Amino acid sequence: MDFKKETRILYCWIAQIGNLLLRSLWRLIHVIINLCYLTLGIAKAFESYLISWGILRRYKSLQVAKLRYLAIVVESKDACQTSKIIELLQWLADVGVKHVCLYDMEGILKKSKDFILEELDGAILFGEAYENNEIPDQAQMTLEFASFSDGKEAVAKAANVLFMKYLKSGATDQNQEEAIFTESQMAEALKTVGSGGPEPDLLLVYGPARCHLGFPAWRMRYTEIIHMGPLKSMKYGSLIKAIYKFTMVRQNYGK
Amino acid sequence: MEKGVIESKILSGWRSIFRKCVFRVLRVGPIPSHIAIIMDGNRRYAKTKKVDKGAGYEAGTLALLYMLVCCYELGVKHLTVYAFSIDNFKRKPEEVQKVMDLVRESIPLLTRMVKRCPMRVHFAGNLQLLGADIRIPAERLMESTADNSKFVFTICVAYNSTDEILHAVRESCREKCDHIQEISGIDASNGLQGKNGDIHQGDQDLIKLEDIEKHMYMGIAPDPDILIRTAGEYRLSNFLLWQTSCSRLSSSFTLWPKFGIWHLAWVVLDFQRNHPYFGKKKKAAVDLANGSYFSSSPPSKS
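Quick notes on the rules
Residues numbered from 1 in each chain as written. Chains lettered and ligands numbered in written order. Predicted model: local features only at pLDDT ≥ 70, side-chain atom pairs only at ≥ 80, totals over all residues. Heavy atoms only, no water. Contact = heavy atoms within 4.5 Å. Buried area = accessible area lost by both parts, 1.4 Å probe. Salt bridge = Lys/Arg side-chain N within 4 Å of Asp/Glu carboxyl O. Polar contact = N/O pair within 3.5 Å; in protein donor to acceptor, adjacent residues only side chain to side chain. Helix = DSSP H or I, 4+ residues; strand = E, 2+ residues; numbered from the N terminus. 1 Å grid on protein atoms, 1.4 Å probe; cavity = no way out; pocket = protein on both sides within 12 Å on 5 of 7 lines; lining within 4 Å. Points joined across faces, edges and corners; volume = space filled by probe spheres on them. Nonpolar A, V, L, I, M, F, W, Y, C, P; charged D, E, K, R; others polar. Pairing = 2+ DSSP bridges. Axes fitted to C-alpha atoms, helices over the stretch in contact; angles between N-to-C directions. Expected span 1.5 Å × (residues − 1). Buried < 20%, exposed > 50% of the residue type's maximum accessible area, 1.4 Å probe, protein only. Parallel < 35°, antiparallel > 145°, perpendicular 65-115°, else oblique.

Enquirer: Run through the interface of chain B and chain A, naming residues and quoting values.
Expert: With 68 residues of chain B in contact, the opposing surface of chain A contributes 60 residues. Buried surface at the junction of chain B and chain A, both sides included, amounts to about 5800 Å², of which 67% is carbon and sulfur. Contact with chain A buries area across many residues of chain B, yet L166(B), Y234(B) and R235(B) alone supply 12% of it, more than any other trio. Where chain B meets chain A, there are three salt bridges. The closest approach of N and O atoms between E224(A) and R235(B), which form a salt bridge, is 2.7 Å. Where chain B touches chain A, the interface holds 19 residue pairs in polar contact (both at pLDDT 80 or more). Secondary-structure elements contributing two or more residues to the side of chain B that touches chain A are α2 (13-26), α7 (161-184), α8 (188-191), α9 (209-214), β6 (248-251) and α10 (261-291) of chain B.

Enquirer: Now, about the layout of surface pockets: what can you tell me, with residues and values included?
Expert: Size it by volume and the largest pocket reaches roughly 1600 Å³. The wall of the largest pocket is formed by 47 residues, among which Y37(A), L40(A), K44(A), H227(A) and G229(A) lie closest to the centre. Put simply, the parts of the chain that give the lining of the largest pocket at least two residues each are α1 (2-52), α2 (76-79), β6 (224-229) and α10 (236-248) of chain A together with β6 and α10 of chain B. The residue inventory of the lining of the largest pocket, partitioned by class, reads 19 nonpolar, 15 polar and 13 charged.

Enquirer: Describe the sheet that holds strand β4 (residues 152-159) of chain B, naming the residues involved and giving the relevant values.
Expert: Residues and elements named next belong to chain B. Spatial ordering of the open sheet is given by β3-β4-β2-β1-β5-β6, a layout of six strands whose pairing is parallel. Among the strands making up the open sheet, the edge pair consists of β3 (120-124) and β6. Ignoring strand direction, the axes of neighbouring strands in this sheet form an average angle of 20°. Across four bridges, the pairing between strand β1 (residues 34-38) and strand β5 (residues 226-229) is parallel. Bridge assignment links I37 to a residue of β5, and that residue is I228.

Enquirer: Before we move on, could you go through helix α3 (residues 82-95) of chain A and cite the residues and values that matter?
Expert: Given 3.6 residues to a turn, an α-helix orients residues that are three or four positions apart in the same direction. Residues and elements named next belong to chain A. In this model α3 runs 20 Å from its N-terminal to its C-terminal C-alpha over 14 residues, within 8% of the 20 Å that 1.5 Å per residue would give. Along α3, the residues that are buried comprise T82, I85, I86, L88, L89, W91, L92 and V95. Looking one or two residues past α3, G96 carries a phi angle of roughly 110°, positive in sign.

Enquirer: I'd love a proper account of the packing of α1(A) against α10(B), names of residues and values included.
Expert: Their axes nearest at 11 Å, the elements α1(A) and α10(B) cross at an angle of 85°. Taken together, the axes of α1(A) and α10(B) lie roughly perpendicular to each other. Each of W26(A), I29(A), H30(A), I33(A), N34(A) and Y37(A) in α1(A) lies in contact with α10(B), whose residues at this interface are W266(B), L269(B), D270(B), Q272(B) and R273(B). Looking at the contact of α1(A) with α10(B) residue by residue, the classes come out as six nonpolar, three polar and two charged.

Below you can see the structure in the form of structure tokens.
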């Protein structure tokens, strides 16, 4: 009996030591990964300074015309830093980006919209210029402000617009049904409920991780999504690099 | 695809022991419940190996089966893969046919694998766009594995997000219409008509977010924790746009046929690094969705 009890205790000790070793190994792996990311962060920061100073020549000529519509996703807690947002928009204006959509989950940016538009000389709201589903070609910068409510909730509201059409059609004819539930009808319905807008070519995420945080799903089919790091450590060189990389991308669109 | 290849490359004893050791270390931290993958790079892989595209797709299928076993052994609950997009029908007919052949061949293979690793197999997408030679065996496999709950393997074929959203909206409209008809006993549009002939919708007649989510092709799985895209691309290509609000978007430079256990381990370790952040984001998204009051209804139309 004593032998069995001692064997049990021994196995218990071995299991505990085994678990401790496993945990230690796991923590060590994570320390190494964090060091790798730190090194990578320093290298990226150095590269962005080289780009800003004009030392890396390939970033000097940007084909900004390819970037027709840009979206920026920021953390809602960072969205209060309007000075940073305005600085970012001024950089974009200097580069030649004309149309920008600013998104944060909780709609903090929407509340600061008037202040931001005032601070940026000549910038207007995108909705005022967006007609016939075409991005306008104009000198002024246009800004759109979006939040979580422009995503799934807007689709639910648009669904009710289509539901009304469905009811009025008599809800019996298959052909009529097919004519109601189309992508173009959905896009029109979204516009009706105030959440229309073009699909961004590029979406820059300013936050701790690469995640679109609920940006309207209907408008993100082929959007390039780049993670830029936290807003507080945004750099001009990194912005230039992201736009440059976008201009080099070639998409097949499924083909 | 030969059974022997699967046995030797995936299910062999020593590889399995090696995997178990690696996964035991990973399991010290949180394991993602749902991983989604865009399997990009099969054609580029074929180009680098100087073989035809068909061989690239076959190598990709082998990599998929290996990843399926890895995720199963790691303790992941859901694996979703983007096998064929509706947009991919625009490819050359011989390419489309090759992919369809691989999907058809993988059904009996999955049937055999289910006996070894009990899992639910689900095909998500507009299956009516597929030929009967694929659709019928797929439906049979889905039915026969519907009761397995330990692991769910979803293959998105003839799928894209915008089609999924439209499908969900259409089904929600049909369901709501039938519901109104049931309650009022008359035609739905008549049931909602007011005295002046315009249509009024009360709150109970509105389509809500949960109605749409119920009809999504991906309704059987929770939102992904991680969405991996291989071959160094940074877009979602119309895949799970609705479901990835709080998902870690991971991009790997490796071409899909070369994606293996170490790439998976890296993705999981990266997920573990960011896990507290994504936990907060998911909670915030749920609070936003629950806290929002859907009060607007479409204007009355005469």
